[in-house]
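One letter stands for each residue in the lines below.
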Amino acid sequence: MAPRIRPFGDHALLVEVEETAEALDLALWAREQGLADDVVPATRTVLLDGVPDLAATCDQLATWRPGAAPAPGPLVEVPLRYDGPDLAAVARGWGMAPDEAVARHTGADHVVAFCGFAPGFPYLTSDLALPDVPRLDSPRARVEPGSVGLAGPFTGIYPGASPGGWQLIGHTDEVLWDSTRAKPALLPPGTRVRFVAR
Amino acid sequence: MTLTVTRAGALSTCQDLGRIGHAHLGVPRAGALDQPAAALANRLVGNPREAAVIETTLDGVALHTSADHWFAVTGAPCPVTVAGRAVAHGEPVFAPAGSEVVVGAALRGVRSYLAVAGGVAVAPVLGSRSTDTLAWVGPPRLVVGMELAVGTPSGEIRPLDVPPPVRGRALRVIAGPRLDWFAPEAWRTLCTATWRAGAESNRIGLRLGGPALERSRTGELASEPMVLGAVQVPPSGQPVVFLADHPVTGGYPVIAVVLADDLHHCAQARPGDEVTFTPAPRG
C-alpha cells in the first residue's frame, strides 16, 4: 500500500506506514535516494526534514513499496550479561523461566528500527513473538550506561546514565555512543543485532 | 587568540546553524535560536553565516580579550561595554587586547548574540559548534575561566543599516500532522487566543499558557519524529512550540507548525510576554 503523506511544516513531510518494519524500510530507501537532509524513522512514521520541494518529494515517495530498501544492514554482535534486576519479572510475563527468556532473547534476530530518547539509544525489534513488556510503574531515577531493557515490543540500550522506565534484563560493556568516533552510534537504524550471553 | 570567559551568565553557549543530518541517531539539531540575529552579528564582522557565535540568555556574558578583536552584539537589546566604556549594539565594535567585553542584561527579549571576527573556533562536534542543551551534544556551555579559541578573520568589517526586527507579530502557522486529533474549535482557539510565554520555556521549547486546546481523540499517539516549530499539545492542553534543542521524537499530537521564518520571535519571548498565532497564507 502506498504511504500516507502529511506536510509537517514548510520544509518537511511526515509519512505514515502500517508497521515499524515498513517505517525502517522506507527510511533506509529515502536516505539512499537522498530525499531530505534528515530522514528519521519512528514506530509507524518517517520524517523527511529539510525537503526543498515538498510536491516533488511526495511524487518520489509515491513510488516506494515495502521491500524497496537497500541490502540488509551490517550484523553486530552485542555481548550481554543477563543479570538485570527485572529479568525474572520479564520472564514471568512471558510465562517461562529466566533461562528460557535469555535463550529466546539471544536466539532472536534483532534489528534497530529507529533511535530516540537519547543520542545512540536504539529501539530494536525482533522476530520474538512474545507478549509486550510493560514499562515500570515508576521509572528508576538512574539507569547505568549499557543497561539493556525491554519495553513494549522493543529492546533498548541506554547509551548514558539517565532516568528510565524500561525493564532491565542485563548490561553490555559496548559503547553505544561516542560523538568523537567516525560513526558515533554503534547501532544506527537498520543495524542487525545478535545478543550473545556472557 | 582566545577569549576568556569572566562571567558566564545564566546560560551562554556557542551556536551556529545547527547539527543537521543526525536526527535519526537521536541527536537534536541545536543552533542559534534567533537565526536572523546570529546571521546579522556574523555579517557585521565579516564572518560567513556558518561561523559560531555566543548566545546569551537574559543576563549576558563577559569575556576578556588576549588580542585585538572586532566583534558585534545583536539580538535582544542590551548595554555593551569595552573596558568599561559603552559601545553600540548592532554595530561592529573594536576591542583591544587585554580589555573586557561585557554584554549586559537584556532590556527586552531573551537572547543576545556576540560574534567575533573570525568566529568562535571551539572544536566542532558532528560538524557543528552548537551546544545542544537537551542531550548536551556539542561544546560545553560557557563557564568562568573557559578559553574560547577565535578563528582567523576573513571578511570585511562594516556597519549595516538594518531595520530592527518587528516585535509582537503573530506567529504564522500551518496545520500540523495531527490536527485531526483535536476538537473542531481547537484550531480557531489556537489562532485567536492570546497566549503567555511560560517561565519553564527554554531552548527546547516555548511553553505557552492560555485556554486548553481540547482533543477529540483520546489514547496514545505512537511516538513520532518532531520538527523545529512543531506546536505539540500535551494532555494539559497547553501548547509547546518546539525550538532548536527539541527531542527528535515526541508522543503528543502536533496541532500546528510555526513557519521557519517566524521562529526567531519565539527565541525572544520572555516569560509573561504575549504570543499569538495566525494561519499562514496559502501558497
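Starting afresh in each chain, residues are numbered from 1 along the sequence in its written order. Written order decides the labels, with chains lettered from A and ligands numbered from 1. The model is predicted, so local features are restricted to residues of pLDDT at least 70 and side-chain atom pairs to those at 80 or more, both for listing and for counting; the totals for chains, interfaces and linings are taken over all residues.

**Describing the overall build of chain B**
Rules: Secondary structure elements follow DSSP: runs of H or I no shorter than four residues count as helices, runs of E no shorter than two count as strands, and numbering proceeds from the N terminus. When we talk radius of gyration, it's over C-alpha atoms, and the globule rule is simply 2.2 Å times the number of residues to the 0.38. We call a residue exposed when 12 or fewer other C-beta atoms sit within 10 Å of its C-beta, buried when the count reaches 20 or more, and partly exposed for counts in between; the C-beta positions come from the backbone. For the purpose of contact definition, each residue receives a C-beta atom placed from its backbone, and two residues are in contact when these atoms lie within 7 Å.
Secondary structure summary: chain B contains three helices and 21 strands in total. Relative to its length of 283 residues, chain B is compact, with a C-alpha radius of gyration of 19 Å against a globular reference of 19 Å. Residues counted as buried form 52% of the 283 residues belonging to chain B. Of all intrachain contacts in chain B linking residues separated by at least 6 positions in sequence, the fraction that spans at least 24 positions is 77%.

**Section: the overall build of chain A**
Scanning chain A for helices and strands turns up four helices and 13 strands. In terms of overall size, chain A behaves like a compact globule, its C-alpha atoms giving a radius of gyration of 18 Å where 198 residues would be expected to give roughly 16 Å. Taking the principal axes of the C-alpha coordinates as reference, chain A spans close to 50 × 35 × 35 Å. Split into buried and exposed, the 198 residues of chain A put 46% on the buried side.

**Digging into helix α1 (residues 20–33) of chain A**
All names here are of chain A. Selection criterion: Here the expected span of a helix is defined as 1.5 Å times the quantity of residues minus one.
Over its 14 residues, α1 extends 20 Å from the first C-alpha to the last, a length consistent with the 20 Å expected when each residue adds 1.5 Å. All of the buried residues along α1 are Thr20, Glu22, Ala23, Leu24, Asp25, Leu26, Ala27, Leu28, Trp29, Ala30 and Arg31. Buried residues along α1 sit against β2 (12–16), β3 (38–41), β4 (45–49), β6 (110–115) and β7 (122–126). Within two residues after α1, Gly34 carries a phi angle of roughly 65 degrees, on the positive side.

**A closer look at the environment of A:Ala36**
Residue and element names in this part refer to chain A. Within the fold, Ala36 resides in the loop between α1 and β3. Judged by C-beta crowding, with 22 C-beta atoms within 10 Å, Ala36 ranks as buried. Distance in space between the C-alpha atoms of Ala36 and Asp49 is 5.7 Å, their sequence separation being 13 residues. Setting aside its immediate chain neighbours within four residues, Ala36 contacts Ala30, Leu48, Asp49, Gly50 and Val51.

**Some details on the confidence of the model for chain B**
Definition in use: Think of pLDDT as the predictor's per-residue confidence, scored from 0 to 100.
The pLDDT averaged across chain B works out to 96; a share of 100% of its residues lies at or above 70. As a predicted assembly, this complex carries a pTM of 0.94 together with an ipTM value of 0.95.

**Remarks on the pairing of strand β14 (residues 205–209) of chain B**
Residues and elements named next belong to chain B. Applied cut-off: When DSSP finds two or more bridges between a pair of strands, those strands are recorded as paired.
When you tally the buried positions in β14, you get four out of five residues, the bulk of the element. For strand β13 (residues 195–197) and β14, the ladder comprises two bridges, and the chain directions are antiparallel. Residue pairing across strands places Ala197 opposite Leu208, the latter belonging to β14. Relative to strand β17 (residues 240–242), β14 is paired through three bridges, and the arrangement is antiparallel. Bridging from a neighbouring strand, Gly205 pairs with Phe242 of β17.

**As for the nonpolar core**
Rule in force here: For this analysis, nonpolar core means a set of buried Ala, Val, Leu, Ile, Met, Phe, Trp, Tyr and Cys residues linked through C-beta atoms within 7 Å.
Core analysis: the biggest nonpolar cluster contains 140 residues, and A:Leu48, B:Ala41, B:Val53, B:Leu114 and B:Ala115 have the highest contact counts within it. The element best represented in this core is α1(A), accounting for seven residues. Those residues in contact with B:Ala41 that lie beyond four places of it in its chain are B:Val53, B:Ala72, B:Val73, B:Thr74, B:Tyr113, B:Leu114 and B:Ala115.

**Some words on the interface of chain B and chain A**
To keep things clear, this is the line we draw: Nonpolar residues are Ala, Val, Leu, Ile, Met, Phe, Trp, Tyr, Cys and Pro. Charged residues are Asp, Glu, Lys and Arg, and all others, Gly as well, are polar.
Every contact between the two is made by 24 residues of chain B and, on the other side, 32 residues of chain A. Taken together, the residues of the side of chain B that touches chain A break down into 17 nonpolar, six polar and one charged.

**Quick look at the sheet that holds strand β19 (residues 254–258) of chain B**
Residue and element names in this part refer to chain B. The strand order across the open sheet formed by eight strands is β20-β13-β14-β17-β16-β19-β12-β21, and the pairing between neighbours is mixed. For this open sheet the edge positions go to β20 (274–275) and β21 (277–279), each flanked by a neighbour on one side alone. In terms of strand pairing, strand β12 (residues 171–175) meets β21 through three bridges, oriented parallel. From the neighbouring strand, Val173 faces β21, where its bridge partner is Pro279.

**Description of the sheet that holds strand β1 (residues 4–7) of chain A**
Residue and element names in this part refer to chain A. Rules: To obtain an axis, a line is fitted to C-alpha atoms, over the contacting stretch when the element is a helix, and the angle between two such axes runs from 0 to 180 degrees between their N-to-C directions.
Spatially, four strands are ordered β1-β2-β4-β3 in an open sheet, and the strand pairing comes out antiparallel. Each of the sheet's edge strands pairs with one partner strand only, and the pair in question is β1 and β3. Taking the axes of each pair of neighbouring strands and ignoring which way they run, one obtains an average angle of 20 degrees across the sheet. Of the strands in this sheet, β1, β2 and β4 are in contact with helix α2 (residues 54–61), which crosses β2 at around 25 degrees.

**Quick word on helix α4 (residues 98–107) of chain A**
Residue and element names in this part refer to chain A. For clarity, the threshold we go by: What the arc measures is the spread of directions leading from the helix axis to the C-beta atoms.
Every buried residue of α4 is accounted for by Ala101, Val102 and His105. An end-on view of α4 places all buried positions within 100 degrees of arc, on one side of the element. Relative to its buried face, α4 has exposed residues pointing more than 90 degrees away, namely Asp99, Glu100 and Gly107. Check the buried side of α4 and you find it contacts α3 (87–94) and β13 (192–197).

**Comments concerning unusual backbone geometry**
Residue and element names in this part refer to chain B. The backbone of Leu58 sits at a positive phi, close to 70 degrees, despite the residue not being glycine. Looking at the element boundaries, Leu58 is found in the loop between β3 (53–55) and β4 (61–65). The class for Leu58 is partly exposed, based on 17 C-beta atoms found within 10 Å. The phi angle at Leu126 is positive, at roughly 50 degrees, despite the residue not being glycine. Mapped onto the elements, Leu126 comes out in the loop between β10 (112–116) and β11 (147–149).

**Comments concerning the pairing of strand β1 (residues 2–7) of chain B**
All names here are of chain B. Pairing of β1 with β11 involves three bridges; the strand directions are antiparallel. Each bridged residue has a counterpart across the sheet, and for Leu3 the counterpart in β11 is Leu148. Direction of pairing for β1 relative to β4: antiparallel, over a ladder of four bridges. Its bridge partner being in β4, Arg7 is matched across the sheet by Ala62.

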